[in-house]
2 protein chains.
Amino acid sequence: MSSTIDLLRTSGVKVTPGRVRVYEALAAAAQPLSHADLEARLPDADRVTLYRVLDTLVVCGLAMKAVDARGVFRFSASGAQSEHRRHAHFRCTDCGRVFCLKDAPPPPPKLPRGFRLADAEYDLRGTCANCARAHHK
Amino acid sequence: MSSTIDLLRTSGVKVTPGRVRVYEALAAAAQPLSHADLEARLPDADRVTLYRVLDTLVVCGLAMKAVDARGVFRFSASGAQSEHRRHAHFRCTDCGRVFCLKDAPPPPPKLPRGFRLADAEYDLRGTCANCARAHHK
DNA sequence: CAATATTTGCAACACTGTTGCATTTGCAAC
DNA sequence: GTTGCAAATGCAACAGTGTTGCAAATATTG
Ligand SMILES: [Mn+2]
Ligand SMILES: [Mn+2]
Ligand SMILES: [Zn+2]
Ligand SMILES: [Zn+2]
């Protein structure tokens, strides 16, 4: 069980109280959190600092960023960076939860000449088992 | 070839110049258009009216609304939507343009028992040929 | 402890989308 | 064609989300 401080240090970023608290809020959450969700959980945090801390966590691989159905970014802790890059994700449009799938992400398709691929994401949406059952009963 | 006016009338909404122009811009577009894209194509249109027209087209079934990777809503004429489901898209993080790729999207991976797939999108990001060249000079 | 590169807090801003309200307009009934 | 009215439009003001510039504070290194 490695501490949040160790995680940050290992990821090569400075350890600051803001980063520790934000990461721990993400890790403790059952669902991906929006910036507004985090402001509610950390009332003392500065708005802009919060955006920048989230950005840092994403860049260093400790968090994942995805857009929800309303067009708002949601963040979730990703214990190990390489873990989530090796599989696709499924987002339930009912409850908002994100599930990690077993299968490897598909290989990127051919790009036109001169194009450079920086990042790829296979985004699957639908209803999870829980919500499908609840919906159906 | 049914006219836009007929389409609107059949959908049970009033026929106005704004609705005709917006629908035709969507139908003529190669990719889903954001509100900003449409403002550029229809410089005389009022911002708010444009939002309301788009909303009307979605409600009456003539357009589809989806959120893109930046969290911005993009609209497409209903007929065109099925077209874009048959290939993946590449978004240039420099200029923001979206390119339709030739290859078919990869087959969806196996989902856990009870999960229902509603929609899938293979989202590729990077720099397009133009921006890569400009960046490199 | 001192040096310094990062990070923070704050103000100001940009972009996306919404609401209220007075005016205009599409369309149906006459 | 004229009239009446519900619906659509234009405009101003606003709310939410995210960004940028810059001075002050602070985490790390030595
Ligand atoms: Mn995952
Ligand atoms: Mn396409
Ligand atoms: Zn669910
Ligand atoms: Zn580009």
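Residues numbered from 1 in each chain as written. Chains lettered and ligands numbered in written order. Predicted model: local features only at pLDDT ≥ 70, side-chain atom pairs only at ≥ 80, totals over all residues. Heavy atoms only, no water.

Trainee: Run through the protein's contact with DNA strand C, naming residues and quoting values.
Mentor: Lining the immediate environment of DNA strand C, one finds 18 residues, of which A:Lys14, A:Arg52, B:Val15, B:Arg47 and B:Phe73 sit closest. For DNA strand C, a base oxygen lies 2.4 Å from a polar atom in the side chain of A:Arg52. The backbone of B:Val15 places a nitrogen or oxygen atom 2.7 Å from a phosphate oxygen of DNA strand C. Every element with two or more residues in the surface near DNA strand C is listed here: α4 (47–59) of chain A together with α4 (47–59) of chain B. (Near = heavy atom within 4 Å. Polar contact = N/O pair within 3.5 Å; in protein donor to acceptor, adjacent residues only side chain to side chain. Helix = DSSP H or I, 4+ residues; strand = E, 2+ residues; numbered from the N terminus.)

Trainee: An account of the sheet that holds strand β3 (residues 73–77) of chain A is requested, with residue identities and associated values reported.
Mentor: All names here are of chain A. In spatial order, the strands read β1-β3-β2; together these 3 strands make up an open sheet with antiparallel pairing. What marks the edges here is a single partner per strand, and that holds for β1 (33–34) and β2 (63–67). Most of the contacts of helix α2 (residues 17–28) go to β3, to which it runs at about 90°, and overall it touches β1, β2 and β3. Here α4 sits on the sheet in contact with β2 and β3, set at roughly 110° to β2. (Pairing = 2+ DSSP bridges. Contact = heavy atoms within 4.5 Å. Axes fitted to C-alpha atoms, helices over the stretch in contact; angles between N-to-C directions.)

Trainee: Can you break down the pairing of strand β6 (residues 116–127) of chain B residue by residue, with the values?
Mentor: Pairing between strand β6 (residues 116–127) of chain A and β6(B): 11 bridges, direction antiparallel. Opposite A:Leu124, over in β6(B), you have B:Ala120 as the bridge partner. With 4 bridges joining them, strand β4 (residues 89–92) of chain B and β6(B) adopt parallel strand pairing. Within β6(B), the residue paired with B:Arg91 across the bridge is B:Arg125.

Trainee: Hey, could you go over the environment of A:Pro106 for me, with residue numbers and the actual values?
Mentor: Take A:Pro106: it is sitting in the loop between β5 (98–100) and β6. Through-space distance from the C-alpha of A:Pro106 to that of A:His87 is 8.8 Å; in sequence the pair is 19 residues apart. Once residues within four sequence positions are removed from consideration, A:Pro106 is found in contact with A:Tyr122, B:Pro106 and B:Tyr122.

Trainee: I'd like a description of the protein's contact with DNA strand D, backed by residues and values.
Mentor: In the region of DNA strand D, 17 residues are neighbours, and A:Val15, A:Arg47, A:Phe73, B:Arg19 and B:Arg52 sit closest. Residue B:Thr49 places a side-chain N or O atom 3.0 Å away from a phosphate oxygen belonging to DNA strand D. One of the side-chain nitrogen or oxygen atoms of B:Arg52 is found 2.5 Å away from a base oxygen of DNA strand D. Residue assignment for the surface near DNA strand D shows that the elements contributing at least two residues are α4 of chain A together with α4 of chain B. Residue composition of the surface near DNA strand D, grouped by class: 6 nonpolar, 3 polar and 8 charged. (Nonpolar A, V, L, I, M, F, W, Y, C, P; charged D, E, K, R; others polar.)

Trainee: Please set out the interface of chain B and chain A residue by residue, giving values where relevant.
Mentor: Taken residue by residue, the interface counts 36 residues in chain B and 36 residues in chain A. With both sides pooled, the region where chain B packs onto chain A buries about 3000 Å², and carbon together with sulfur makes up 63% of that total. For chain B, the biggest contributors to the area lost against chain A are B:Phe115, B:Tyr122 and B:Arg125; these three give 21% of the whole. Between chain B and chain A we count 3 residue pairs in polar contact (both at pLDDT 80 or more) in total. Of all the secondary structure elements, the ones that give two or more residues to the side of chain B that touches chain A are β6 and α6 (129–136) of chain B. Here the side of chain B that touches chain A gets 12 residues from one element, more than from any other, and that element is β6(B). Residues that form the side of chain B that touches chain A fall into these classes: 21 nonpolar, 5 polar and 10 charged. (Buried area = accessible area lost by both parts, 1.4 Å probe.)

Trainee: Pulling in residues and values, what's your account of the pairing of strand β3 (residues 73–77) of chain B?
Mentor: Residue and element names in this part refer to chain B. Of all 5 residues in β3, 4 are buried; the element is thus mostly enclosed. Pairing analysis gives 2 bridges linking strand β1 (residues 33–34) to β3, with the strands arranged antiparallel. Following the sheet pairing, Ser-34 is matched in β3 by Arg-74. As judged from the 5 bridges shared by strand β2 (residues 63–67) and β3, these two strands associate in the antiparallel manner. Bridge pairing links Val-67 to Phe-73 in β3. In sequence, β2 turns back onto β3 through a hairpin of 5 residues, with Gly-71 there showing a positive phi of about 90°. (Buried < 20%, exposed > 50% of the residue type's maximum accessible area, 1.4 Å probe, protein only.)

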